[in-house]
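# Residue-level structural notes
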Amino acid sequence: MTVGGWIILEAPSKAPIMEETMTLTCRLRENYLVTEVIFYLNGTEMWRQQNNKVTVPNLNLDHGGEYSCRAKWETQGLYHSVHTAHSPGVSVTILGKNQ
């Protein structure tokens, strides 16, 4: 888990194994309504969605690397697209099936 200001990026505590599934969660410290989440792998946008969780099936070695996320949220009926926060990265290593 990595905490970066307003955002907490949760990744598996144990290294995922190839061909398994991995879930990443990008959540806010406060209980605000998240309107958009962007997940990055090694600085490249991979998934943009309204859900704060992404599930990556059939892992392979290409899924290893530095993950980060950005979130946009709503507070008191106002959308804060200007206040997009960026979390520090979480390093994920994918293990071979025999490791």
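These remarks concern the structure in this document. Each residue is numbered by its place in its chain's sequence as written, counting from 1. Restriction of local features to residues with pLDDT of at least 70 applies here, the model being predicted, together with a cutoff of 80 or more for giving and counting side-chain atom pairs; totals for whole chains, interfaces and linings are based on all residues. To get the side-chain values, all heavy atoms of the structure are used, and hydrogens and water are removed first.

## Quick look at the overall build of the protein
A run of H or I in DSSP counts as a helix once it spans at least four residues, and a run of E counts as a strand once it spans at least two, with each numbered from the N terminus. Helix and strand counts for the protein stand at zero helices and nine strands. Put simply, the protein runs from its N terminus to its C terminus through helices and strands in the order β-β-β-β-β-β-β-β-β. Relative accessibility decides the category of a residue: with a 1.4 Å probe and only protein chains considered, values under 20% of the type maximum give buried, values over 50% give exposed, and everything between is partly exposed. Expressed as a percentage of its 99 residues, the buried residues of the protein come to 39%. The criterion used for residue contact is that any of the two residues' heavy atoms lie within 4.5 Å. Put simply, 58% of the contacts in the protein that link residues at least 6 apart link residues at least 24 apart. Each accessible area is a Shrake-Rupley result for a 1.4 Å probe, and residues are judged covered by the shown protein chains and nothing else. Total accessible area on the protein is roughly 6,000 Å²; 46% of this is exposed by carbon and sulfur atoms.

## Observations regarding the environment of glycine 43
Along the chain, glycine 43 falls in the loop between strand 4 (33-41) and strand 5 (44-49). For glycine 43, a relative accessible area of 62% gives the class exposed. Put simply, glycine 43 and cysteine 69 are 26 residues apart on the chain and 9.5 Å apart in space, counted from C-alpha to C-alpha.

## Notes on the nonpolar core
Within this scheme, the nonpolar core is defined by two criteria: the residues are buried Ala, Val, Leu, Ile, Met, Phe, Trp, Tyr or Cys, and they are joined through side-chain atoms within 4.5 Å. In this structure, Cys26 and Phe39 are the most contacted members of the largest nonpolar core, which totals 21 residues. When contributions to this core are tallied by element, the ones reaching two or more residues are strand 2 (7-10), strand 3 (22-28), strand 4, strand 6 (53-56), strand 7 (65-75) and strand 9 (90-92).

## Looking at the pairing of strand 4
Look at any regular strand and the pattern is simple: side chains alternate between the two faces of the sheet. The buried fraction of strand 4 is high, at seven of nine residues. In short, DSSP must find at least two bridges between two strands for them to pair. Pairing geometry for strand 4 and strand 7, over eight bridges, is antiparallel. Its bridge partner being in strand 7, valine 34 is matched across the sheet by tryptophan 73. In this sheet, strand 5 lies alongside strand 4 in antiparallel orientation, the contact comprising five bridges. In the strand pairing of strand 5, isoleucine 38 is matched with arginine 48.

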